[in-house]
Every structure is written in C-alpha cells, then in structure tokens.
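A closer look at the structure
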Amino acid sequence: MTPAMTAADTAPKTYAWEIRAAGLKVRVGRKKMAVDGLDLSLSTGTHGLLGPNGAGKTTLIRALATVLRPAAGELELFGTSVSGVGDLRALRRRIGYLPQEFGYYKRFTVREFVEYMAWLKEVPKADIPAAVQRAVERVGLADRADHRMRTLSGGMVRRAGIAQAIVNDPAVLLLDEPTAGLDPAQRLRFRELLQELGRDTCVVVSTHLVEDVAAACSDVVLFADGRLVFQGTPEVLAAAGGAEYPGDSPLERGYSALLHNSEQQGGTW
Amino acid sequence: MSTEHASRRLIDDYARGDAAMAADTLWALEAHLETCAPCRSRLAASVATEAPGIATLVDTVRAGLAPQLDAAVQAPSRRYRPRWVSAWLTPILVPWLAMTATVTLLALLLAAAGAPMLFGAASPVLLIAPVLPMCGVAVAWSRALDPAYELTAATPRAGLPLLLRRTVSVLAVVLPALLVEGWLTGAMTAAQWLLPSLAFTSAALALGSVVGVTRAAAALVVAWGVVIAAPAWHAGRVPVVLQPDQLPVWGALLVLGIGAVIARRRAYPAL
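This text gives an overview of the structure that appears in the document.

1. What about helix H2 (residues 23–35) of chain B?
All names here are of chain B. Taking 1.5 Å of rise per residue, the 13 residues of H2 would be expected to cover 18 Å, and the 19 Å separating its terminal C-alpha atoms lies within 8% of that figure. Along H2, the residues that are buried comprise Leu29, His32 and Leu33. Within H2, the buried residues cover an arc of 100° as seen down the axis, which keeps them to one side. Of the exposed residues in H2, those oriented more than 90 degrees away from the buried face are Ala23, Asp24 and Trp27. Tucked into the core, H2 has its buried residues touching helix H1 (8–16) and helix H3 (37–50).

2. Topic: the interface of chain B and chain A
Contacts between chain B and chain A engage 34 residues on the former and 37 residues on the latter. The junction of chain B with chain A conceals about 3400 Å² of combined surface from both sides, 59% of it contributed by carbon and sulfur atoms. We note a salt bridge from B:Glu150 to A:Arg62, for which the minimum N-O separation is 2.8 Å. Our count for the contact surface shared by chain B and chain A stands at nine residue pairs in polar contact (both at pLDDT 80 or more). Every element with two or more residues in the side of chain B that touches chain A is listed here: H2, helix H5 (83–88), helix H10 (149–153) and helix H11 (160–185) of chain B.

3. Description of the environment of A:Arg107
Inspection of the secondary structure assignment puts A:Arg107 in the loop between strand S6 (95–98) and helix H4 (110–120). For the pair A:Arg107 and A:Arg150, spaced 43 residues apart in the sequence, the C-alpha separation amounts to 6.6 Å.

4. Observations concerning the packing of H4(A) against helix H6 (residues 154–166) of chain A
All names here are of chain A. Contact pair H4 / H6: the axes reach a minimum separation of 9 Å and the direction vectors enclose 30°. The angle between the axes of H4 and H6 places the two elements in the roughly parallel class. At the point where H4 passes H6, the crossing takes the right-handed sense. Here Val110, Phe113, Val114 and Met117 of H4 lie close against H6, whose contacting residues are Ala160, Ala163 and Gln164. When grouped by side-chain class, the residues that make up the contact of H4 with H6 number six nonpolar, one polar and no charged.

5. Remarks on the pairing of strand S2 (residues 32–42) of chain A
All names here are of chain A. Bridge analysis of strand S1 (residues 19–28) against S2 gives eight bridges, and the strand direction is antiparallel. By the bridge assignment, arginine 20 is partnered in S2 with serine 41. If you look at the hairpin formed by S1 and S2, you'll find three residues sitting between the two strands, and glycine 29 has a positive phi there, around 70°.

6. What to know about the packing of aromatic side chains
All names here are of chain A. All told, the structure shown has ten aromatic pairs over all chains when counted by the stated rule. With 5.8 Å between their ring centres and 65° between their planes, tyrosine 15 and phenylalanine 78 make a pair best called edge-to-face. Highlighted residues: tyrosine 15 in the loop between helix H1 (7–10) and S1 and phenylalanine 78 in the loop between strand S4 (72–77) and strand S5 (80–81), separated in sequence by 63 residues. Judged by its relative accessible area of 5%, phenylalanine 78 falls in the buried class.

Calculation notes
Residues numbered from 1 in each chain as written. Chains lettered and ligands numbered in written order. Predicted model: local features only at pLDDT ≥ 70, side-chain atom pairs only at ≥ 80, totals over all residues. Heavy atoms only, no water. Helix = DSSP H or I, 4+ residues; strand = E, 2+ residues; numbered from the N terminus. Expected span 1.5 Å × (residues − 1). Buried < 20%, exposed > 50% of the residue type's maximum accessible area, 1.4 Å probe, protein only. Arc of directions from axis to C-beta. Contact = heavy atoms within 4.5 Å. Buried area = accessible area lost by both parts, 1.4 Å probe. Salt bridge = Lys/Arg side-chain N within 4 Å of Asp/Glu carboxyl O. Polar contact = N/O pair within 3.5 Å; in protein donor to acceptor, adjacent residues only side chain to side chain. Axes fitted to C-alpha atoms, helices over the stretch in contact; angles between N-to-C directions. Parallel < 35°, antiparallel > 145°, perpendicular 65-115°, else oblique. Left-handed = near helix turned anticlockwise from the far one by under 90°. Nonpolar A, V, L, I, M, F, W, Y, C, P; charged D, E, K, R; others polar. Pairing = 2+ DSSP bridges. Phe/Tyr/Trp six-rings, centres within 6.5 Å; stacked < 30°, edge-to-face > 60°.

Structure representation (structure tokens):
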C-alpha cells in the first residue's frame, strides 16, 4: 500500500516562487536574444503564456526546462538558481516538460513510452507501473495503453505526451502548445485537466489561443519580443481592451490592446 | 517516520468511528496507519471486536463481489521489449547496430572471396575499425537522429551516466563483431585497432562535452580519413600509426580522453 501522503508532501515550502526570473536573457543561435531581460515570478496555479509567434515563448519554456542555459540574468526554480548548481538532477526530477514538437519512438506502446520517460525521470523503480497507469488514465488513454504509438491519432499522441510530462508528479509543469491537434471535445477535457493540475502545481502553458487561457488559466503572462508585457488575471486582461481594438471577445481585444501599446510587432501579421 | 505506535484506545476509538476524536489526532493517526503495517493489523483486530457492524458489512460486500473477482483476470500488458533494453539502447540504435553487423559481415565475405589482393596490405576494415565504435556512440547521442532527444535532454538521467550506458552497449556489440571479423579474416589483429578505437571513443566523449558528441565524432572521422586512412589506402600499406609499436601512444591518448571526460563530467547535463 502506498501512502496517500508522504513527508515530502506535507513539508513546508522553503521558497516563495516555483519560478522566479530576474533580467533573464536566453540566446537562440549565435546572435538572437529570444528572451531579453525578463522579470517573472510564478507560483502554484495555471499560467497561460500568451504571445504572438516568434515572441520567444518556446525559448522561455526550454530555458525553464533547463534545456537551454540562460545567457544572462537569474533564473531560480524552487528557490535554487539554475546557473549556480552543477547538478541539475534534483531540479529536473520535479519538472514535467512537453515540447512543442515532441518526438517519440513509433514502435513503443503508450505504456512503454511513458514507462521509459518515467525511468529517465528517475521515478523509483517500484513506483513506475502505478505512476504510469495513473498518468495514462488521467489523459484518458487507458484503453489505448498497449497500442503502439504509430497507430495513434495526432490528438492521442499529444495526450501521451502530456502523460509523460505528468508521470513524475512534477511541481513545475511546462507545456508548449499542448492544445495543438486536439479536437474541441478533447480540448475541453484538457482544460479540465489543466485546472485540476493547477491546484497544486505550477503549470505554465504556452499557447496562442486566447480562449484556452480564458477557460483554464488563473493567470495570464503576455509576452512579446522577449519581454514581459503584462501579467495578471484574465479579467484584468479583458478590461484592458476597448471596442476600438480588433478581436471577437473581450480577452482578444485586451490582448490586441496590450500588444498594440507595446508596439513591437514586426511585419504585417 | 517516528517509531511511536498508536495506542490501543486510539485505534479502538477510530474503529468505532468515534465522532469525538479531535481532527488533528485523526489526521495523525491515519497518516501513521498508512505507513505502519503492525498498527493496521491491530486496527483490523479492533474492528472485529469493537465494530461488528462494519465487519459484517465488509463480509457481505466481499461475498457479493467474490464471484466477479474470481472471474476477472488481469489483462497482461502487451510488451514488445523488456525494460532493460530501453535502459541501455535507444530504438534508433538498433538499426544502426544491425547495419554495422551487416557491413562487417559483407567485408568478411569479400575477404573470404579473395578480395584482399585488390586492397593490398591495408584492409579497408582495418582502416575503418578504429573509428567505427565512435560512430555508434555519436548515433546514440544525436539530436538529429533521436526523435526524443528534446524530451531526453530535460530529464534528470540525461548526462554522462546515460551517455556512458549507451556507449557501453555500442561497444558491447561492435567490438566483438570486429574481433570475430579480424580473427576470421586474419586481415588485422586486435592489437592494431582495439586500443585506437577506444582512444577515439574517449576523445569523442571528451570533445563532445564542448561541441556535442555528434560534431566531435564527425570531426574526428574526417581527420582520421584525410590524415591517415586516405594516404594509407592510396599507398596500399598499413598506416604507421596502427603499427604495434605505437600502442603506448594510443594508450596515453585513451587515458587522456578518460581524464578529460571525468574532469568535464559536470558539463554533460547541459548538452
């Protein structure tokens, strides 16, 4: 019998923010600074990371996942500086990450894939079968768990990706465009899952769909050209827009208003 | 976990469902019961004596469910590969290893057919043997070839231990294949290529901590091909660096490479 609560669950937190960035700069390639002086503090909850294409959302998420090293500034996860520690293992054990275009092994079954990821994430060996089953059930793939990945539809593959991200019960969950390829019904189910996860996890969801944010996020982070434009609740974002700004919903109008004010968009799109 | 156990009175109260129990006591007791098998068995005994109603209820439910439980068979999970295989090999490595085995087999057949006369003393297998294991390591840790590279790179296990694991499994397949090959054809002795191939592998790992393993291996293959293999091929003789008297140099390079890998071990998680 596994205990429902462990000492680690009830221990007090020793940090104020799960994610804290100060003057964070992350370089992509040799010259481009995709995240350029970002100040951001995120705690438990579901945070929607909004921004136009090319705003640096993916780069920011990769830096938060410790795949990219910050070029300058400070990035703290769980109160520990990422650039300071030589050993990222302890941090990475508490992170779940779904890349935008995540590759997988086509010949693996869903269960084998999630099991393999659990092994890579150093989930204790005895806990792996139960953790995998739980993750697969949470994304509604239990009936497909023993099917090979290549037989799945795009939406199911994405759900398998979400399953591998949550298999280690992460304290910080980073999802890059997770709703791409989901049909409307799946998207609704996914929003419920996001709300559920956001209760005890710091979830960062990057998206360019404003309605996803409205439905599932407790907090909006608006991001353009590598800088923070706005952080606050969806209501405040909606209030920022007036009828003169383009958009079909108050949130969309608020989004265009804030982006228009920061006025750093390149090109006509 | 404290080694204190719950008192008999507390467990009896809990079994009766005593509403007067303080919430914090209840919580502490349940947390303890979850982790303590002896106290759970005492609770079971206590339920039988203190709360016969519950015991009969549980028995009734069990009697009702028993036929269904007997009929239910746990579906065996379909599994195409044992767990240890994925721990040591990535799926992309399997085709590569199969290809290497095929190539060495073909070379073996060529040699058996009397082709060495065409190549002179420098057997082509001998010229590629020193860099072949290193290529396998590069394949095992390649961003371009491994679809799950991005996922793997963000996990705690990514880094030197995983890289070494995959290196070991590549060497475990490629080295015996080359050994058998050399022994059967007589075109090369293990002394000629074994130490160089290990030295190249360690050099690729060491340089890999700076520029990435794939790039390091590619650079070393090009260097080997241009500086040593092509001239030797052209001249039709065994290159000087693969003569047995050069072994101490290769040994020194291997030690240097291993030393560099150990010194740079912290740099690998960030690859």
